[in-house]
Amino acid sequence: MSEWWKGAVIYQIYPRSFCDSGDDGVGDLKGITSKLDYIASLGVDGIWLSPIFTSPMHDHGYDVSDYRDIDPIFGTLDDFDALVAKAHSLGLKVIIDQVYSHTSDEHAWFEESRQSRDNPKADWYVWADPKPDGTVPNNWQAVFGGNSWAWEPRRRQYYLHNFVKQQPDLNFHCEDVQEAILDTARFWLDRGVDGFRLDVVNLYFHHKDLPDNPPRDGGKGVFMGADGPTRTYAYQSHIYDHTQPETLGFVERLRALTDSYEGRFMVGEIGGDFGTCVDYTLPETRLHTGYSFPFLVTSDINPSVVRETIEPWNEVGAWPSWCFSNHDVTRAVSRYRQEENPTFAKMLNALLVCLRGTAFLYQGEELGLVQANVPFELMEDPAAVNTGDVNLSRDGCRTPMVWKKDALHSGFTTGTPWLPVDPRHDVCAVDQQDTATQSVLNFTRGAIALRKRSPALQLGALEFLDAPEGLLLFVREHECERLLCGFNFGENRVSCPLQEPFELVDLGFNVDLDAKTVSLSACEAFIARLRVS
């Protein structure tokens, strides 16, 4: 069976912000299709589309009201079929987001379930009686703030929502729910998609007894005071509201279905520690790979962080996935360095394609975009709007893609964009970088091309080497190919002795390499191939 995803580079598209063909200010499927040639020019293996399904958009598509149709703001099923056909003709796989943990409160399933306690879908969602005083069933907290329960007067019960109240949680303890979700997956597999990115996969099941979650860190008060988090979610250890053992059994059912179609693929978004990620990706009857968070949640990246994150995966048979940015976090250049630095952006993209695993490249990272500034009054993200905390907003990484420097709204739309274009992004537009040989865009193309030519970068083992402070050094090796990869996270030029004779693979950085030593400037990288005498 094809394992094309091993060593692949997948380009994440946030459809609302990629390209608007309808001039209403919101990106759409036809817009994406019109830019597939550009995506193919990057050399990536496929695309991942964030949700495009029918939704009232309380959480911008992660509140699905119809799993089997396209929201009109994005287009139609015919538009989707045309996108898949064009992508496949260019050799691009198509991965779609699947949000199975919860639906919209406008989904027909929930509309029926909320009517009474004895209708055919009465137990399709997580319902619970109030405490004798009418308060919520337990202390569980929602990700976006406040408790995880909302009152339904028709049933005189509360329903669970791990996110906003318009996103009721499905009850996976109900067999009919599992069958309905499997049918949903089958619908899209039959339509030709190449795989799924499973949103919050470890939130499918809850503990049936609904016990209170304990306080985080044993309730030692580490979060008290003005420096505590603004979201109550962070005060708890979430051991009962998600990551339940029953989830693994359903994941295995999904894997069996996916494997019944040749060459299909599942990557799960897994919140939790390294052990949780391994549980969901081993044995091979579970997820093909796990989309985990270490590089997304840290505000610093250095050799120690990279090594501590990667090394545990060398000890297990599971296949990891890596990314530095996505639609939920501050863009990597800003999060790690808080500055505009094209050289640092190049180094990050080089590191991404050199790591062992499947690489996910978020739209705009190939341009070196910084986090956009979005005024509070223009923010759309419920994480910020519901709390009043601008620091929680994800809008700054979701602003429109910049295609043409001097065009209206940088070529994204001729209408009013749903989020404003940051003027600082104009100089990074595709048309400015496309023919500039030293641009971040063309550097990224070259790095991806090198990965596609290299069995060691795609499939090889990874071994870290000791190096001077600030320098990350590791070897990738597969069969007869042995590559040395180095990245200078320090502020000064650094030199390192070599134990073996390597010859430089030119990435365009200012690197000196001779038979005994390699030297490179701050925020630069190198790849060298073992010299065969």
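Residue numbers here run from 1 along each chain, matching the order of that chain's written sequence. Where local features are concerned, this predicted model is filtered to residues with pLDDT of at least 70; where side-chain atom pairs are given and counted, the filter is 80 or more; whole-chain, interface and lining totals use all residues. Here the side-chain values reflect all heavy atoms present in the structure, with hydrogen atoms and water set aside.

Peer 1: Is there a simple way to explain the overall build of the protein chain in this structure?
Peer 2: Where helices and strands are cited, they refer to DSSP runs of H or I of at least four residues and of E of at least two residues respectively, numbered from the N terminus. The secondary structure content of the protein chain amounts to 15 helices and 21 strands. For a compact globule of 533 residues, the expected C-alpha radius of gyration is about 24 Å, and the protein chain comes in at 24 Å, within 12% of that figure. Once the C-alpha set of the protein chain is aligned to its principal axes, its extents read approximately 75 × 50 × 50 Å. Scored against the burial criterion, the 533 residues of the protein chain give a buried share of 60%. A contact between two residues is defined here by any heavy atoms of the two lying within 4.5 Å. Contacts in the protein chain between residues far apart in sequence, at least 24 positions, make up 66% of those at least 6 positions apart. Only the protein chains shown count as covering a residue, and every accessible area follows the Shrake-Rupley method with a 1.4 Å probe. For the protein chain, the accessible area works out to roughly 20,500 Å², and carbon and sulfur atoms hold 48% of it. The average position of the 47 basic charges and that of the 78 acidic charges among the side chains of the protein chain differ by 2 Å. To get the radius of gyration, use the C-alpha atoms; to get the globule rule, take the number of residues to the power 0.38 and multiply by 2.2 Å. Any residue under 20% of the maximum accessible area for its type is buried, any over 50% is exposed, and the rest in between are partly exposed; the area is computed with a 1.4 Å probe on protein chains only. Positive charge is attributed to Lys and Arg, negative charge to Asp and Glu, and no charge count is given to His or to the chain ends. For this purpose, a charge sits on NZ of Lys, CZ of Arg, CG of Asp or CD of Glu.

Peer 1: Would you mind showing me how to read unusual backbone geometry here?
Peer 2: Comment: phi is negative for the bulk of residues other than glycine, and the bulk of peptide bonds are trans. In this structure, P283 follows L282 across a cis peptide bond, with omega equal to 0 degrees. Residue placement: P283 occurs in the loop between α7 (274-281) and β11 (289-291). One non-glycine residue, C523, lies in the positive phi region at around 60 degrees. Checked against the element boundaries, C523 lands in the loop between β20 (517-520) and β21 (525-530).

Peer 1: Hey, could you run me through helix α5 (residues 175-190) in this one?
Peer 2: Residue pairs three or four apart in sequence face the same way in an α-helix, which turns once every 3.6 residues. Each helix should span, by expectation, one fewer than its residue count multiplied by 1.5 Å. Taking 1.5 Å per residue as the helical rise, α5 with its 16 residues ought to reach 22 Å, and the 22 Å between its terminal C-alpha atoms agrees with that figure. Looking only at α5, the buried set comprises V177, Q178, A180, I181, L182, T184, A185, W188 and L189. Positioned one or two residues after α5, G192 has a phi angle of 105 degrees, which is positive.

Peer 1: Teacher, can you tell me more about the side chain of T413 here?
Peer 2: Position of T413 among the secondary structure elements: in the loop between α12 (382-385) and α13 (430-433). Looking at T413, its side chain comes within polar contact range of the side chain of D20, at 2.5 Å. Beyond its immediate stretch of four places on either side in the chain, T413 contacts D20, D23, D24, G25 and L408. In protein, a polar contact requires one atom able to donate a hydrogen and another able to accept it; more generally it is a pair of N or O atoms within 3.5 Å, and residues adjacent in sequence count only if both atoms are side-chain atoms.

Peer 1: Where do I start with the packing of helix α11 (residues 342-354) against helix α14 (residues 440-453) in this structure?
Peer 2: For any two helices packed against each other, one specifies the inter-axial angle together with the distance between the axes. Note on geometry: axes are lines fitted to C-alpha atoms, helical ones only across the stretch in contact, with angles between N-to-C directions running from 0 to 180 degrees. Their axes nearest at 9 Å, the elements α11 and α14 cross at an angle of 15 degrees. Classified by the interaxial angle, the pair formed by α11 and α14 is roughly parallel. Seen from above, α11 lies across α14 with right-handed handedness. Mapping the contact onto sequence places P342, A345, K346, N349, A350, L352, V353 and C354 in α11 and V440, F443, T444, A447, I448 and R451 in α14. The classification used treats Ala, Val, Leu, Ile, Met, Phe, Trp, Tyr, Cys and Pro as nonpolar, Asp, Glu, Lys and Arg as charged, and all other residues, Gly among them, as polar. The class makeup of the residues in the contact of α11 with α14 is 10 nonpolar, two polar and two charged. Here the angle decides the label: under 35 degrees means roughly parallel, over 145 means roughly antiparallel, 65 to 115 means roughly perpendicular, and every other value means oblique. Two helices crossing with the near one rotated counterclockwise from the far one by less than a right angle form a left-handed crossing, whereas a clockwise rotation gives a right-handed crossing.

Peer 1: Is there a simple way to explain the state of the cysteines in this structure?
Peer 2: One covalent bond between the sulfur atoms of two cysteine residues makes up a disulfide. Any cysteine sulfur atom paired with another within 2.5 Å is treated as part of a disulfide. This model, assessed by the stated rule, comprises zero disulfides. As a non-bridged cysteine, C19 has C428 as the owner of its nearest cysteine sulfur, 18 Å distant. The class for C19 is buried, based on a relative accessible area of 8%. For C397, which is in no disulfide, the shortest distance to another cysteine sulfur is to C323 and amounts to 11 Å.

Peer 1: Looking at this structure, how should I read α14?
Peer 2: Spanning 14 residues, α14 covers 20 Å between terminal C-alpha atoms, matching the ideal 20 Å at 1.5 Å per step. Within α14 the residues assigned to the buried category are V440, L441, F443, T444, R445, A447, I448, L450 and R451.

Peer 1: Is there a simple way to explain the confidence of the model for the protein chain in this structure?
Peer 2: Low pLDDT means the predicted atomic positions in that stretch should not be read closely. The predictor's confidence in any single residue is recorded as pLDDT, a number from 0 to 100. The share of residues in the protein chain with pLDDT of 70 or more is 97%, and the mean pLDDT across the chain is 94. Every residue in residues 221-225 scores below 50 in pLDDT, and together they form six contacts with partners more than four places removed in sequence or on other chains.

Peer 1: What is the right way to look at the environment of G490 in this model?
Peer 2: Examined against the element boundaries, G490 turns out to sit in the loop between β16 (481-488) and β17 (494-497). Overall, the relative accessible area of 18% leaves G490 in the buried class. For the pair formed by G490 and P303, sequence separation is 187 residues and the distance between their alpha carbons is 9.5 Å. In contact with G490, other than residues within four places in its own chain, are G470, A522 and C523.

Peer 1: Before we go on, may I ask you to explain the sheet that holds strand β14 (residues 461-464) in this structure?
Peer 2: Within a sheet, adjacent strands bond to each other through the backbone by hydrogen bonds, running parallel or antiparallel. Here, a strand pair is defined by DSSP locating no fewer than two bridges between the strands. A sheet is described by the order of its strands in space; here five strands give the open sequence β14-β15-β16-β21-β18, paired in antiparallel fashion. Where the open sheet ends on each side, the last strands, each with one partner, are β14 and β18 (502-505). Sheet twist, expressed as the mean angle between neighbouring strand axes with direction ignored, is 30 degrees. Alignment of β18 against β21, held across four bridges, turns out to be antiparallel. Looking at β21, one finds that V505 is bridged to I527. On the sheet, α11 packs against β14, β15 (471-478), β16 and β21 and is oriented at approximately 150 degrees with respect to β16.

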